[in-house]
Amino acid sequence: MHTVLFVDNDPQWIVRYQSVFSNSSQWDCFYAEDVLAAVDYLNYLDVDIIVTELQLPLFDGTQILEYVRKRYPRIIRLILTDHEKIEGYLDIVRLAHQFLRKAHSVDRIEEIVQNLYRLHRLVISRHARDMVSSMDSIPALPDAYYRLKAEIDRSEPSLRRVGAIVESDVGLSTTILKLINSSFFAIAEPVTTPSQAVTLLGAEVIKSLVVSSHLFSHFAEKETCDSVAEVMIHSKLVAGFVGEICAYHKVRKSVRETAVMAALLHDLGRLVFESSFHDKYGKAIGISSVTSESLSESERQVLGADHAEVGAYLLGLWGFQYRTVEAVAFHHAPSKCVSADNMLLSILHAADMFALERQERRINFGTEYMDRTYVDETIGLDRWDEWRSVCITYYERVWVPSMDSQGASE
Ligand SMILES: [Fe+2]
Ligand SMILES: [Fe+2]
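Here the structure is a predicted model, which means the values were calculated and not measured.

**What to know about the coordination of the iron ion (ligand 1)**
Around the iron ion (ligand 1), the protein supplies D267 (OD), H307 (NE2), H331 (NE2) and H332 (NE2) as donor atoms, at distances of 2.2 to 2.3 Å. Here the iron ion (ligand 1) binds four donor atoms, and the angle range of 79 to 158 degrees at the metal identifies the geometry as irregular. All donors of the iron ion (ligand 1) belong to a single chain; written as a sequence motif, their spacing is D-x39-H-x23-H-H. A distance of 3.4 Å spans the gap from the iron ion (ligand 1) to the iron ion (ligand 2), which D267 bridges by coordinating each metal. Taken together, the residues H307 in helix 17 (residues 307-317) and H331 in the loop between helix 18 (322-329) and helix 19 (343-360) connect sequence positions 24 residues apart. With respect to burial, H307 and H331 carry one shared label: buried.

**Overview of the packing of helix 15 (residues 278-290) against helix 16 (residues 295-303)**
The geometry of helix 15 relative to helix 16 is characterised by a closest axis approach of 8 Å and an angle of 135 degrees between their N-to-C directions. The angle between helix 15 and helix 16 falls in the class oblique. In this structure, helix 15 crosses over helix 16, and the sense of that crossing is right-handed. Contacts between helix 15 and helix 16 involve K280, Y281, K283, A284, I285, I287 and S288 from the first element and L295, S298, E299, Q301, V302 and L303 from the second. Class assignment for the residues of the contact of helix 15 with helix 16 results in seven nonpolar, three polar and three charged.

**Notes on the coordination of the iron ion (ligand 2)**
Within the protein, the atoms that donate to the iron ion (ligand 2) are H234 (NE2), H266 (NE2), D267 (OD) and D352 (OD), at distances of 2.2 Å. One way to put it: the four donor atoms around the iron ion (ligand 2) meet at angles of 84 to 174 degrees, and that makes the site irregular. Linear spacing of the donor residues for the iron ion (ligand 2) on their chain is H-x31-H-D-x84-D. When its relative accessible area of 2% is taken as the criterion, D267 is described as buried.

**Re helix 16**
For helix 16, the complete set of buried residues consists of S296, S298, E299, V302 and L303. Considered in projection along helix 16, the buried side chains sweep an arc of 160 degrees and stay on one side of the axis. Positive phi shows up at G304, right after helix 16, with a value of about 90 degrees.

**Concerning helix 3 (residues 61-71)**
Among the residues making up helix 3, those that are buried are G61, T62, I64, L65 and V68. On an axial view of helix 3, the arc spanned by its buried residues comes to 160 degrees, and they lie on one face. Turned more than 90 degrees away from the buried face of helix 3 sit K70 and R71, all of them exposed.

**Structural notes on unusual backbone geometry**
Although it is not a glycine, K250 sits at a positive phi angle of roughly 50 degrees. Residue placement: K250 occurs in the loop between helix 12 (225-248) and helix 13 (253-265).

**Quick word on the nonpolar core**
Judged by nonpolar contacts, the single largest core of 115 residues is most densely connected at F21, L78, I206, F241, V242 and F320. When residues of this core are assigned to domains, at least three map to each of domain 1 (2-121) and domain 2 (171-406). With sequence-adjacent residues up to four places away left out, I206 is seen in contact with L148, V166, I176, A197, V198 and L201.

**What to know about the sheet that holds strand 5 (residues 98-101)**
What the five strands build is an open sheet, ordered 2-1-3-4-5; its pairing is parallel. For this open sheet the edge positions go to strand 2 (27-32) and strand 5, each flanked by a neighbour on one side alone. Strand-to-strand twist of the sheet, defined as the mean angle between neighbouring strand axes without regard to direction, takes the value 20 degrees. Where helix 1 (residues 11-21) meets the sheet, its contacts fall on strand 1 (2-7), strand 2, strand 3 (49-52) and strand 4 (76-81), and the angle it forms with strand 2 comes to roughly 175 degrees. Here helix 2 (residues 35-44) sits on the sheet in contact with strand 1 and strand 2, set at roughly 145 degrees to strand 2.

**Focus on the pattern of salt bridges**
This model, assessed by the stated rule, comprises eight salt bridges. E230 is the partner of R270 in a salt bridge, and the nearest nitrogen-oxygen pair spans 3.3 Å. With R270 in helix 14 (residues 268-276) and E230 in helix 12, this pair connects stretches of sequence that are 40 residues apart. Three or more residues joined by partner-sharing salt bridges are found here, namely E230, D267 and R270.

**Concerning the pairing of strand 4**
The buried count for strand 4 comes to six of six residues, which makes it a mostly enclosed element. Both faces of strand 4 are covered, namely the face carrying I76, L78 and L80 and the face carrying R77, I79 and T81. Sheet topology places strand 3 next to strand 4; four bridges connect them, and they run parallel. Paired with T52 across the strands is I79, a residue of strand 4.

**So, the packing of helix 13 against helix 18**
The axes of two packed helices give the description: the angle between them and the distance between them. The interhelical angle for the contact between helix 13 and helix 18, taken along N-to-C directions, is 45 degrees, at an axis separation of 9 Å. Between helix 13 and helix 18, the interaxial angle falls into the category oblique. At the point where helix 13 passes helix 18, the crossing takes the right-handed sense. Taken together, the residues of helix 18 that come into contact with helix 13 (itself represented by V255, T258, M261, A262 and L265) are R323, T324, A327 and V328.

Quick notes on the rules
Residues numbered from 1 in each chain as written. Chains lettered and ligands numbered in written order. Predicted model: local features only at pLDDT ≥ 70, side-chain atom pairs only at ≥ 80, totals over all residues. Heavy atoms only, no water. Donors = N, O, S within 2.8 Å, 3.2 Å for Na, K, Ca; no water. Tetrahedral: all angles 85-135°; square planar, octahedral: opposite > 155°, others 65-115°. Helix = DSSP H or I, 4+ residues; strand = E, 2+ residues; numbered from the N terminus. Buried < 20%, exposed > 50% of the residue type's maximum accessible area, 1.4 Å probe, protein only. Axes fitted to C-alpha atoms, helices over the stretch in contact; angles between N-to-C directions. Parallel < 35°, antiparallel > 145°, perpendicular 65-115°, else oblique. Left-handed = near helix turned anticlockwise from the far one by under 90°. Contact = heavy atoms within 4.5 Å. Nonpolar A, V, L, I, M, F, W, Y, C, P; charged D, E, K, R; others polar. Arc of directions from axis to C-beta. Core = buried A, V, L, I, M, F, W, Y, C linked by side-chain atoms within 4.5 Å. Domains from an automatic or database assignment. Pairing = 2+ DSSP bridges. Salt bridge = Lys/Arg side-chain N within 4 Å of Asp/Glu carboxyl O.

Shown next, in the form of structure tokens:
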């Protein structure tokens, strides 16, 4: 049972919350009508999630979020408000892990809270959660991300409006066009406008490109560009391989979009380690390079958690789809995942291994470090080899010529 504290002075909303949450045995719910009452609850309850309205009497919702962030950093913080203009609220949004609109139905809100609850139940160690909570600054997602998310979450999202959001940000348009015309997507004709890019790739992939390019530049500012660039190139190669395997199996566009998104962000935890736990992470890399231990094993030994769970936890807090979070969490050890639908995870695990084989220049890398039980039981060695040859063909056709001509930076 997880404890949720709702802070709202609108009695109608309290009734709405009660109608959905109080009927479920999963939630232990408490309701506060102002900040002072919320602080009282926080002082004696072990709260897991706080959902607060921004506009409250006496003190507004930002004060309770600040208080929780400082005193109880482990509590997941959600804002729920009617306020339409997110732009003016960016600083406030950054106090929360997620920003929701009251225009959503209560069922949708329950689904979002449910995803956060499932995130806790994933095999993500308490240590990983504490590491993320202890970070000095969790990077805030860009304004464009919130606007894209709001559009995609509408009942009838429009690709035209998604294109307009990208076009309204010159830096973002340039980044997206540079990426889409790079080797990564292997698109035959040059793409010249953000709207074309949105139509070709889909809104979800554009959203993930916005996040990944923002995060890579955020971490590049803090850390040596070399290590960030290395993760970025690797992530793009994995995304390219994922796209090829999806095309090979003609998987549904929505699955492909989710898979590419997961691939672009699958090693986000490595960037977190680089920026916030630099010395220990360096030690973990050192151990794995001189022993037969995988990087994940060394990370768990030195840092107490691996980059897969730390990255997954952060994505979950930001409200990424549960399937994406799950695939990122288990990309090194898919057999630990209990979910029934494993296609996305299978493809990501394989693509990651094949990319490391190419980048480490060790032909047997994938065979050494793949999740053998999972590959035998779920994918099958024949299919694994088929996928590998699909990826090698893509690598030699698209990636190698681009490395030769552009120094692998595109
Ligand atoms: Fe990884
Ligand atoms: Fe990776």
